[in-house]
Amino acid sequence: MADDRDEATVCYPVRSDLPLAPDDELLMIRKRRGLGADLYNGPGGKVEPGETPRESAIRETREETGLDVSDLTKRAEFDFFFGDEHIFLCHVYVAREVAGTPQTTPEAVPEWRPRESVPYDEMWPDDELWLPQVLDGGTVRATFHFDDGGDELLDHELREGVEFGEQ
Ligand SMILES: Nc1nc2c([nH]c(=O)n2[C@H]2C[C@H](O)[C@@H](COP(=O)(O)OP(=O)(O)OP(=O)(O)O)O2)c(=O)[nH]1
């Protein structure tokens, strides 16, 4: 069973100020392996021992896409449950400074996509409930309850306009 302290991150590099206009771009990956394989997401992964979530988001983005990101702001925080199991506390960041050219890696195929073509039907089912608010410049705190296998989203509680301070 996953430890209640397991933490993960998702980081969305962006090329414009929030709110993103329909043709403003964000960096997405098509994940090639692990949890969420074949789905589109932002770069991210598990927080390692001794690392802050923010450091983890920067490292995972570099490992998965070859991009160096900075100027991260925290935009969302989620508890994910698969059945009774708490899978992760997940921190979501938007990164305003992006250096480098996205490269395909063993973990992910990265691509810049305009906001209007975010493929919600090929993403985790909760994402359409919070990513639009984040791309509009808002903040979200939520708990998502999936079935035991993590396939179907059964229930959720979501709050907008939360403050994360320096996290
Ligand atoms: N957008 C979104 N991301 C999610 C959801 N659930 C979920 O685990 N994620 C993210 C959080 C992490 O970025 C990623 C799962 O972590 P991972 O297994 O890829 O971690 P990792 O890269 O460290 O994996 P590994 O190399 O250690 O196997 O998926 C979700 O419902 N929506």
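Only a predicted model underlies this, so the values are computations on that prediction, with no experimental measurement involved. (Residues numbered from 1 in each chain as written. Predicted model: local features only at pLDDT ≥ 70, side-chain atom pairs only at ≥ 80, totals over all residues. Heavy atoms only, no water.)

Caption draft 1: The arrangement of the site of the ligand in detail. Near the ligand there are 18 residues, and of these Thr9, Lys31, Asn41, Asp126 and Asp127 occur at the shortest range. The backbone of Lys46 places a nitrogen or oxygen atom 2.9 Å from an oxygen atom of the ligand. Look at the ligand: alone it shows 650 Å² of surface, and the protein chains cover 83% of it. Contributions of two or more residues to the shell around the ligand are made by β1 (7-13), β4 (44-46), α1 (53-65) and α2 (127-135). Grouping the constituent residues of the shell around the ligand by class yields seven nonpolar, four polar and seven charged. (Near = heavy atom within 4 Å. Polar contact = N/O pair within 3.5 Å; in protein donor to acceptor, adjacent residues only side chain to side chain. Areas by Shrake-Rupley, 256 points an atom, 1.4 Å probe, with all protein chains shown as cover. Helix = DSSP H or I, 4+ residues; strand = E, 2+ residues; numbered from the N terminus. Nonpolar A, V, L, I, M, F, W, Y, C, P; charged D, E, K, R; others polar.)

Caption draft 2: Just the state of the cysteines, in detail. Across all of its chains, the model carries zero disulfides by this definition. Looking at the unpaired Cys11, the closest cysteine sulfur is the one in Cys90, lying at 11 Å. Accessibility expressed as a relative area gives 0% for Cys11, which makes it buried. (Disulfide = S-S within 2.5 Å. Buried < 20%, exposed > 50% of the residue type's maximum accessible area, 1.4 Å probe, protein only.)

Caption draft 3: Spatial organisation of the packing of aromatic side chains. Applying the stated criterion to the full structure yields eight aromatic pairs. Relative to Phe146, the ring of Phe82 has its centre 5.5 Å away and its plane inclined at 65°; by these criteria the two rings are edge-to-face. Separated by 64 residues along the polypeptide, Phe82 in strand β5 (residues 68-82) and Phe146 in strand β8 (residues 140-146) bring together distant segments of the chain. The buried category is assigned to Phe82, whose relative accessible area is 12%. One aromatic cluster in this structure is built from Phe78, Phe80, Phe82, Trp124, Trp130, Phe144 and Phe146. A cation sits over an aromatic face here: Lys74 above Phe164, 4.8 Å from the ring centre. (Phe/Tyr/Trp six-rings, centres within 6.5 Å; stacked < 30°, edge-to-face > 60°. Lys NZ or Arg CZ within 6 Å of the ring centre and 35° of its normal.)

Caption draft 4: Spatial organisation of the pairing of β8. Most of β8 sits out of view: six of its seven residues are buried. As paired elements, β5 and β8 share seven bridges and run parallel to each other. Directly across from Asp79, in β8, lies its bridge partner Thr143. Sheet topology places β8 next to strand β9 (residues 153-160); seven bridges connect them, and they run antiparallel. Within the sheet, the bridge partner assigned to Phe144 lies in β9 and is His156. Connecting β8 to the next strand, β9, in antiparallel fashion are six residues, including Gly150 with a positive phi near 80°. (Pairing = 2+ DSSP bridges.)

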